[in-house]
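# Examination of the molecular architecture
Chain by chain, the residues run as shown.
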Amino acid sequence: MMNATKTRLSHQERAQEIAKIGIWELDILASELTWTRQTYRNFGVPEGTPVSYETFLDRIHPDDRERVSKAWEAALQGESYDVVHRIEREDGTRWIREKAELEFDADGQCIFAVGFDQDVTQQIEAERSLKKAEADMRAILENAADAIFVFDQEGRYQYVNDQAVALSGFSEEELLKMNISDLSVREDRE
């Protein structure tokens, strides 16, 4: 039975590593914060180092520290805690998403919190790359010397550049409500 438990824990830890998701618990009454191995990895803190809320705050990027602190204070008042922020590690800046559930006593005081942290750096970087590519493509389309009409499978216009607007004689808003058949002659519609 002992081997099955060790294997299960090993698989759980491996799953956390694959997803880059760490788990933490904060016992407020005992002033005790515990991190899983992956949380140590996510924050770039040597495993086994004693951790505290201050350890956590010290890793947060200075520009994000106040926002994260305010989110935590709001969570202590009963709001949800779900925040994305940067952290500073020896190997550079990383992005972390954290979400937690807090437990309150009968007087409304927070006594315990459990949460996860996930390294979302790759997703953030991919979103930024996509936004940049979209902006670059839009600049190319806007500055093209030719009229550009983009339509979907049903022939509805999805995008038109300024040259397309000038060529058609319709406004951009009008064109985006139209279908390709509205501008083509009967012989060209097929």
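For the structure, check the block above.
Everything in this summary refers to the structure shown in the same document. (Residues numbered from 1 in each chain as written. Predicted model: local features only at pLDDT ≥ 70, side-chain atom pairs only at ≥ 80, totals over all residues. Heavy atoms only, no water.)

### Overview of the side chain of D119
Heads up, the rule is: Helix and strand labels come from DSSP, where a helix needs a run of H or I of at least four residues and a strand needs a run of E of at least two; each type is numbered from the N terminus. We define a polar contact as two N or O atoms separated by no more than 3.5 Å, with the added condition that, inside protein, one atom must be a possible hydrogen donor and the other a possible acceptor, whereas residues neighbouring each other in sequence contribute only through side-chain atom pairs.
With respect to the secondary-structure elements, D119 resides in strand 5 (residues 110-119). Among the polar contacts made by the side chain of D119, one reaches the side chain of R94 at a distance of 3.0 Å.

### Here's the deal with the packing of aromatic side chains
What counts here: Any Phe, Tyr or Trp ring, taking Trp's six-membered ring, that has another such ring centre within 6.5 Å forms a pair; planes under 30 degrees apart are called stacked, those over 60 apart edge-to-face, and the others tilted. Residue burial is assigned from relative accessible area. The probe radius is 1.4 Å, only protein chains are included, and a residue is buried under 20% of its type maximum, exposed over 50%, and partly exposed in between.
If you walk through the whole model with that rule in mind, you get eight aromatic pairs. Ring centres 6.2 Å apart and planes at 65° place the aromatic pair W24 and W72 in the edge-to-face group. With W24 in strand 1 (residues 21-27) and W72 in helix 4 (residues 62-76), the pair connects residues that are 48 residues apart, well separated along the chain. Accessibility expressed as a relative area gives 8% for W72, which makes it buried. Taking the centre distance of 5.2 Å and the plane angle of 25° together, the rings of W35 and F43 count as stacked. Accessibility classification places W35 together with F43 in one group, the buried group. Counting every residue linked through ring pairs, the aromatic cluster contains W24, W35, Y40, F43, Y53, F56, W72 and Y81.

### With respect to the nonpolar core
Quick note on the threshold: To form a nonpolar core, buried Ala, Val, Leu, Ile, Met, Phe, Trp, Tyr and Cys residues must be joined to one another through side-chain atoms within 4.5 Å. Any two residues whose heavy atoms approach within 4.5 Å are treated as being in contact.
Within the largest apolar cluster, 22 residues are counted, with the highest numbers of intra-cluster contacts made by W24, W35, F43, F56, W72, Y81 and L102. Elements supplying a minimum of two residues to this core: strand 1, strand 2 (32-35), helix 2 (37-43), helix 3 (53-59), helix 4, strand 3 (81-89), strand 4 (92-104) and strand 5. Those residues in contact with W35 that sit more than four places away from it in its chain are I23, W24, Y40, F43, V45, V51, T55 and F56. In this structure, Y157, A164, L175 and M178 belong to the second largest nonpolar core, which totals five residues.

### Quick word on the sheet that holds strand 5
In plain terms, the rule: Note on pairing: two strands pair once DSSP finds at least 2 bridges between them. Angles here are taken between N-to-C directions and fall from 0 to 180 degrees, while the axes themselves are lines fitted to C-alpha atoms, restricted in helices to the stretch in contact.
Read across the sheet, five strands follow the order 2-1-5-4-3 without closing on themselves; strand pairing throughout is antiparallel. A strand with exactly one partner marks an edge of an open sheet, and here the two such strands are strand 2 and strand 3. Sheet twist, expressed as the average angle between the axes of neighbouring strands with direction ignored, equals 25°. Where strand 4 meets strand 5, nine bridges bridge the pair, whose relative direction is antiparallel. Across the sheet, F104 pairs through a bridge with C110, a residue of strand 5. Against the sheet, helix 4 touches strand 1, strand 3, strand 4 and strand 5, its axis set at about 150° to strand 3. Seen against the sheet, helix 5 (residues 121-143) touches strand 3, strand 4 and strand 5 and runs at an angle of roughly 120° to strand 4.

### Some points on the side chain of H61
Assignment of secondary structure puts H61 in the loop between helix 3 and helix 4. A distance of 3.4 Å separates polar atoms of two side chains, one belonging to H61 and the other to E88.

### With respect to the pattern of salt bridges
Pairing between side chains of opposite charge can happen when their charged atoms approach one another. Note the cut-off: What makes a salt bridge here is a side-chain nitrogen of Lys or Arg within 4 Å of a carboxyl oxygen of Asp or Glu, nothing more.
Per the stated rule, a full pass over the model turns up twelve salt bridges. With its nearest N and O atoms 3.7 Å apart, the salt bridge here joins R67 to D64. Of this pair, R67 and D64 both sit in helix 4, three residues apart, roughly one helical turn. On the basis of relative accessible area, D64 is assigned to the buried category, the value being 5%.

### Things to note about helix 5
Let me state the cut-off plainly: Given a helix with a known number of residues, its expected span is that number minus one, times 1.5 Å.
Over its 23 residues, helix 5 extends 33 Å from the first C-alpha to the last, a length consistent with the 33 Å expected when each residue adds 1.5 Å. Within the span of helix 5, buried status applies to T121, I124 and L141. For helix 5, the elements touching its buried residues are strand 3, strand 4, strand 5 and strand 7 (157-160).

### A few points about the environment of E174
Inspection of the secondary structure puts E174 in helix 7 (residues 172-175). For E174, a relative accessible area of 40% translates into the label partly exposed. Note: C-alpha distance between E174 and Y157 (17 residues apart in sequence) is 9.8 Å.

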